[in-house]
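Notes for the structure review
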Amino acid sequence: MVGPHRYVRVVTDTHAAPSHPDIGEVLVSTEEIASKITELARRVDADYAGREVLLVGVLKGAVMLMADLSRALETPVTMEFMAVSSYGSSTSSSGVVRILKDLDRSIEGRHVLVVEDIIDSGLTLSWLLKNLRSRGPASLEVLALLRKPESQAIDLDVRYVGFDIPSAFVVGYGLDYAERYRTLSFVGTLTPAAIAAGG
Ligand code: PRP
């Protein structure tokens, strides 16, 4: 199972008002995301020195992270996208995973780094890793911006994690509620009114 984790209280400026009326609390600010991506990019650069990396972004949530991470890396990268469905518009995982869009190319012999916005139950990633491993990559690692250790139902070996957060439903920086809020530059919780309004 998932071991004990320390939650990082990440809002540094407690006077900063959430910059969207539907946001209850900012959990990870714009600045914190930016500096974490730089930090993770430097680790990836060091780990993959001299090799080309194939970034596999998991749509749609990972779009913002893919765009920012890929530009922060010095390592030469190519990009592929996959879309899998784990739980549609509701706020909790169903465990049902299906491919909505597959990779366009073979990953055989490639150094693959899966880029995920969030690991919630971990069921999506667990399924995805098994699927990708069967395609014969030279290496397969994961970079996730957010992880919810309390929600994780399965043990996963994730090499790069941005932030461990509590098990609240969060939106922003790619994460949605009924397809809204993906373009917020920070990650936060929704107000009860916004949840009741159905996004
Ligand atoms: C979200 C998120 C992860 C997955 C994590 O995707 O982007 O892929 O759920 O959940 P899990 O760890 O409990 O499996 P979602 O299915 O909501 O699609 P989206 O990225 O298009 O919003």
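Residues numbered from 1 in each chain as written. Predicted model: local features only at pLDDT ≥ 70, side-chain atom pairs only at ≥ 80, totals over all residues. Heavy atoms only, no water.

1. Quick notes on the nonpolar core
What counts, and what does not: Here the nonpolar core consists of buried residues drawn from Ala, Val, Leu, Ile, Met, Phe, Trp, Tyr and Cys, with membership extended through side-chain atoms lying within 4.5 Å. Per-residue accessibility, obtained with a 1.4 Å probe over protein chains only, is compared with the maximum for each type, and a residue is labelled buried under 20%, exposed over 50%, and partly exposed between these values. The way it works is that DSSP assigns letters per residue, a run of H or I at least four long becomes a helix, a run of E at least two long becomes a strand, and they are numbered from the N terminus.
Counting 28 residues, the largest nonpolar core has V28, L55, L65, L69, L113, L143 and L146 as the members making the most contacts within it. Tallying contributions element by element places helix α1 (residues 30–47) first for this core, with five residues. One finds I107, L132, A144 and V161 within the second-largest nonpolar core, a separate group that totals 21 residues.

2. Section: the sheet that holds strand β1 (residues 23–28)
As a reminder of what qualifies: When DSSP finds two or more bridges between a pair of strands, those strands are recorded as paired.
Across the sheet, three strands lie side by side as β1-β9-β8; this open sheet has antiparallel pairing. Of all the strands in the sheet, the pair left with one neighbour each is β1 and β8 (170–171). Relative to strand β9 (residues 187–190), β1 runs antiparallel, the two sharing four bridges. Looking across to β9, one finds that V26 is bridged to G188.

3. Remarks on the pairing of strand β2 (residues 53–59)
The buried fraction of β2 amounts to six of the seven residues, a majority that puts the element mostly inside the structure. In terms of strand pairing, β2 meets strand β3 (residues 77–85) through seven bridges, oriented parallel. Residue pairing across strands places G57 opposite F81, the latter belonging to β3. The sheet contact formed by β2 and strand β5 (residues 111–119) spans five bridges and is parallel. When the sheet's bridge partners are listed, L54 is paired in β5 with V112.

4. Remarks on the confidence of the model for the protein
Definition in use: Confidence scores per residue from the predictor, reported as pLDDT, run from 0 to 100. Here, residues are in contact when the closest pair of their heavy atoms is within 4.5 Å.
For the protein, per-residue confidence averages 89 on the pLDDT scale, and 85% of positions sit at 70 or higher. Throughout residues 1–12 the model reports pLDDT below 50, and contacts reaching past four residues in sequence, or to other chains, amount to 27 contacts.

5. A short note on the pattern of salt bridges
Any two side chains of opposite charge can pair, on the condition that their charged atoms come close. The test is simple: For salt bridges, the criterion is a side-chain nitrogen of Lys or Arg within 4 Å of an Asp or Glu carboxyl oxygen.
This model, assessed by the stated rule, comprises 15 salt bridges. The shortest N-O distance in the salt bridge between D68 and R71 comes to 2.8 Å. Note that D68 and R71 are positioned in helix α2 (residues 63–72) at a spacing of three residues, about one turn of the helix. Judged by its relative accessible area of 30%, D68 is partly exposed. Taking relative accessible area as the criterion, R71 reaches 64% and is therefore assigned exposed. For R182, the salt bridge is made with D176, and the minimal N-O distance between the two is 3.5 Å. The same class applies to R182 and to D176, which are both buried. Connected through salt bridges with shared partners, the residues K60, D176, E179 and R182 form a single ionic network.

6. What to know about α2
Definition in use: Directions are taken from the helix axis to each C-beta atom, and the arc is the one they span.
For α2, the complete set of buried residues consists of L65, M66, L69 and S70. Projection of α2 onto a plane perpendicular to its axis shows the buried side chains occupying an angular sector of 115°, all on one side. Those residues of α2 that are buried lie in contact with α1, β2, β3, β5 and β6 (139–147).

7. Looking at the sheet that holds β3
As a reminder of what qualifies: Here an axis means a line fitted to C-alpha atoms, over the contact stretch when the element is a helix, while the angle between two N-to-C directions is reported on a 0 to 180 degree scale.
As summarised here, the arrangement of the six strands in space is β4-β3-β2-β5-β6-β7, forming an open sheet in which the pairing is mixed. The open sheet has two edge strands with one neighbour each: β4 (98–101) and β7 (160–164). Taken pair by pair, the neighbouring strands of this sheet meet at an average axis angle of 30°, ignoring direction. Contacts from α1 reach β5, β6 and β7, with the element oriented near 160° to β7. Packing of helix α3 (residues 123–133) onto the sheet brings it into contact with β2, β3, β4, β5 and β6, and relative to β5 it is tilted by some 170°.

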